[in-house]
Amino acid sequence: MNSPVSLAKQGDVAVISVDNPPVNALSQAVRAGLISCLLSAEQDDAIKAIVIHCHGRTFIAGADISEFGKPPLTPHLPEVLAKIDACAKPVVAALHGNVLGGGFEVALSCHYRLAVKGTKLGLPEVTLGLIPGAGGTQLLPRIAGVERALTMITSGKPALAESLVDCGVIDQLLEKSSTDDLLTQVISYAQELIKQNKGVRPTSQLDVGKTSYALDTFVKWRTKLSKKARGQQAPQCCIDSIENATLLPFKEGMLKERAMFVTCRDSSQSRAMRHAFFAERKAAKLPTPSADNPDLPALNIDAVAIIGAGTMGGGIAMCFAKAGISVKLLEMSEENLARGIKAIRERYNQALKRGLMTETQLENCMALIQGTCDYQDLTDVDLVVEAAFETMAVKQQIFSKLDEVCKADVILASNTSYLDINEIAKATNRANKVLGMHFFSPANIMKLLEVVRADATDEQTIKTVMALGKKIGKITVAVNVCYGFVGNRMYACYGREANLLLLEGASPEQIDNAMHKWGMAMGPLAVNDMSGIDIAYKARQENPNLPDDPAYFQAANLMVEAGRLGQKTGAGFYQYDKETGRRIADEKVLAIFHEQANSLNIRQRDDITDEEIQNRLIFALINEGANILSEGIATRASDIDVIWLNGYGFPRHLGGPMCYADEVGLDKVVATIKEYQQQLGDQYWQPAPLLLELISQNKKLI
Ligand code: T1G
């Protein structure tokens, strides 16, 4: 089979070209090809300098992640980089696109680096539960200094080439051009090196520079990341390995880095985070055969309308404007419209203050958002997202009006969190163009978009909206209709158990602390207080199929009925300090729950453990997720993980509820569910048939 790496000569410059689409990942063939071509060029006396470049849209974007978890293949990447570093002739990297992970390590091992403006360079290994495994923690500090290395490696965030010139990572920036132009310019640079007799610059021989960082740097970074990346192993290993670069000779630092990389690579946290990486990309692909049908292309969406300029409607409008799509924002009154547009500008200003957008970008986004109170202004849009009140009557009225004024092929989407899209579609004569686009609050921040296919939704509509979701920067998952679709249906089970535990004697802080200790960013009751306990309360009022159980979400109902809606009323499951907004445990709620428990004959217990809280909330998620899979509401277990990782803050280093269930062991999950069935009854704790089936076949969910 042809090697993805080839060698050519331009005069006295050797050109090593990598061509391994789609991202020139460092597969075994690429690693072997690099070594072979490098040795040939090094042994060729006619060659005075060597250039490494890549075909396609990017320089090497990293190791081939799909090889992890399989028996490692030689040559290992550190061996390749050692040969580049030690090469007797100057090696120049020609960089474009996304120079990430092992790709950046290849570049750092080269003696010179030229990059097209806009090139992104980074070491994202930590986002996969890894540390750079081919010298990144030893090379980057030697070129860019300790602080820059700590920032880039522990965050995993790439930096633009323009910002890496001063610190010496990039030797020359080149104008945006084609890959060929880039190569021509880099060859000229190499020829200049030869003319000026500029030789090799092995990075490994650079000194980290003892004065380039404060003595308490590593202590400070360990403390910071123990909070910011709580429970994660890889960020701490990154710090340890970068500190080794300041303490040990290069070779020893490399050996210790490799050992830590292997430990991380073989950890459950990295397996979970690599699963998340591929699951998100798989979710973007429709599981239907028409997904690749060229006769059914996704439609162009150049102009949209958003119905409702409230928190959700405004956030959704921001997503489209940020992607350069014009937005008609419709409200029922000029006053509501003005308030909504003002709120949008304020939220964009927050992004500006955080350096996430420029003043020009902000004004361009605002210019793309046109307010109106007249449906007649919507006749030229390609798609509408309705984000109005969460009642079926209101939505059907809006969809009927939209059906009247919009062009025949316009897609009509609802942002409903729970309601039946099939019922909404009945208000139109275009049910094939109606579906759900369920955004998560705040819509301009949260990455998840559930694309809800109704019975009559046609393939082209689904395909169009899946592509549109990616265009506006969302992680999209196609799901089918049921109450609450996938995420919220599972979230109701999670919240149900939290509410029942309150009536059984656990306090809000015990439940929240247990879930925080388990890995959730915030406990369920603090989250309820933050978003408003009345939101789900109103949804339950609209739900005709509530379980026949007077205790169901009764703790939350009592809070709402007592006017304790959460932070917005100064009290909910907790009290909130008027000055600081700080959350304070409130004995009053315990008395309310105790009284309710007595009236419902629920035995209050003082032996509720953190483990019981954690298992009841998380195994309730797992069990409902398995039922959702059996019913075909979600088509892949990995899709359910993508929803929970990106919509509900499930810890990424645990991979999502389905991945976590496999890690715990389905037999243990089911055995615990059976214990709850004995202890708490059949109503909520019947093991999902799919779990039983997988155990009998010795299979897993993922
Ligand atoms: N390995 C294998 N496949 C990869 C890959 C990789 N590193 N990166 C992308 N793909 C596949 C992806 O699954 C998809 O496949 C297709 O390429 C397009 O990807 C030794 C140990 C580069 C910014 O973490 O961030 O190096 O679905 O849809 O939106 O120290 O891909 O088409 O079949 O994401 O244009 C470090 C991961 C690895 C970079 C492009 N590198 N990739 O985004 O395309 S660890 C990374 C990305 C490492 C060293 C360590 C993005 C991208 P399919 P895509 P995109």
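The notes below deal with the structure included here. All figures in this text were calculated on a predicted structure; none of them were measured in a lab.

Further remarks concern the site of the ligand. Close contacts around the ligand come from 26 residues, with Ala63, Glu105, Gly133, Arg281 and Lys285 the closest. Here a nitrogen atom of the ligand and a backbone polar atom of Ile65 are 2.9 Å apart. With respect to the ligand, the backbone of Gly133 contributes an N or O atom lying 2.7 Å from an oxygen atom. Relative to its free-state accessible area of 1,000 Å², the ligand is covered by the protein chains to the extent of 76%. Looking at the shell around the ligand, the elements that each hand over two or more residues are strand S5 (98–100), helix H3 (102–109) and helix H10 (268–283). Ranked by residue count, the leading element in the shell around the ligand is H10, at three residues. In terms of residue class, the shell around the ligand is built from 15 nonpolar, five polar and six charged.

Along strand S3 (residues 49–54), six of the six residues are buried, which leaves the element largely enclosed by surrounding structure. Burial along S3 is two-sided: Ala49, Val51 and His53 and Ile50, Ile52 and Cys54, pointing in opposite directions, are all buried. Direction of pairing for strand S2 (residues 13–18) relative to S3: parallel, over a ladder of six bridges. In the strand pairing of S3, Ser17 is matched with His53. Taking the sense of rotation as the criterion, the β-α-β connection linking S2, helix H1 (residues 28–43) and S3 turns out right-handed. Alignment of S3 against strand S4 (residues 91–95), held across three bridges, turns out to be parallel. Within S4, the residue paired with Val51 across the bridge is Val92.

Of all nine residues that make up helix H4 (residues 136–144), nine are buried, and the element is covered over most of its length. Of the positions making up H4, those classed as buried are Gly136, Thr137, Gln138, Leu139, Leu140, Pro141, Arg142, Ile143 and Ala144. Along its buried surface, H4 packs onto H3, strand S6 (112–116), helix H5 (146–155), helix H8 (233–247) and helix H9 (250–265). Positive backbone phi, approximately 95°, marks Gly145, located one or two places after H4.

Read across the open sheet, the three strands follow the order S5-S7-S8; overall the sheet is mixed. Taken across any chain shown, the strands that pair with only one partner, and hence form the sheet edges, are S5 and strand S8 (159–160). Here H3 sits on the sheet and contacts S5 and strand S7 (120–122); the angle it forms with S5, its principal contact strand, is near 85°.

The subject of this paragraph is the packing of H5 against H8. Running from N to C, H5 and H8 point in directions that differ by 155°, and their axes come no closer than 10 Å. With respect to their mutual orientation, H5 and H8 come out roughly antiparallel. Both H5 and H8 take part in a crossing whose hand is right-handed. On H8, the residues touching Val146, Ala149, Leu150, Ile153 and Thr154 of H5 are Pro235, Cys238, Ile239, Ile242 and Thr246. Considered class by class, the residues forming the contact of H5 with H8 number eight nonpolar, two polar and no charged.

Another point: the packing of aromatic side chains. Within the structure shown, the criterion is met by 17 aromatic pairs. Arranged with centres 6.1 Å apart and planes meeting at 45°, the rings of Tyr491 and Trp644 form a pair that is tilted. One end of the pair, Tyr491, is in helix H17 (residues 487–503); the other, Trp644, is in helix H24 (residues 637–647), with 153 residues separating them in the sequence. For Tyr491, a relative accessible area of 22% translates into the label partly exposed. With a centroid separation of 6.4 Å and 45° between ring planes, the pair formed by Phe573 and Phe593 is classed as tilted. Residue Phe573 is located in the loop between helix H21 (554–561) and strand S18 (575–576), and its partner Phe593 is located in helix H22 (residues 587–599); the two are separated by 20 residues in the primary sequence. Each member of the pair, Phe573 together with Phe593, is buried. Members of the aromatic cluster, each reached through a chain of ring pairs, are Phe440, Tyr491, Tyr494, Trp644 and Tyr648. Of note, Lys224 hangs over the ring of Trp221, and the distance from its end group to the ring centre comes to 3.8 Å. Of note, Arg281 hangs over the ring of Phe277, and the distance from its end group to the ring centre comes to 3.7 Å.

Reading the values: the criteria
- Residues numbered from 1 in each chain as written.
- Predicted model: local features only at pLDDT ≥ 70, side-chain atom pairs only at ≥ 80, totals over all residues.
- Heavy atoms only, no water.
- Near = heavy atom within 4 Å.
- Polar contact = N/O pair within 3.5 Å; in protein donor to acceptor, adjacent residues only side chain to side chain.
- Areas by Shrake-Rupley, 256 points an atom, 1.4 Å probe, with all protein chains shown as cover.
- Helix = DSSP H or I, 4+ residues; strand = E, 2+ residues; numbered from the N terminus.
- Nonpolar A, V, L, I, M, F, W, Y, C, P; charged D, E, K, R; others polar.
- Buried < 20%, exposed > 50% of the residue type's maximum accessible area, 1.4 Å probe, protein only.
- Pairing = 2+ DSSP bridges.
- Right-handed = clockwise from strand over helix to strand, strands pointing away.
- Contact = heavy atoms within 4.5 Å.
- Axes fitted to C-alpha atoms, helices over the stretch in contact; angles between N-to-C directions.
- Parallel < 35°, antiparallel > 145°, perpendicular 65-115°, else oblique.
- Left-handed = near helix turned anticlockwise from the far one by under 90°.
- Phe/Tyr/Trp six-rings, centres within 6.5 Å; stacked < 30°, edge-to-face > 60°.
- Lys NZ or Arg CZ within 6 Å of the ring centre and 35° of its normal.

Distances and angles like these do not, on their own, reveal function.
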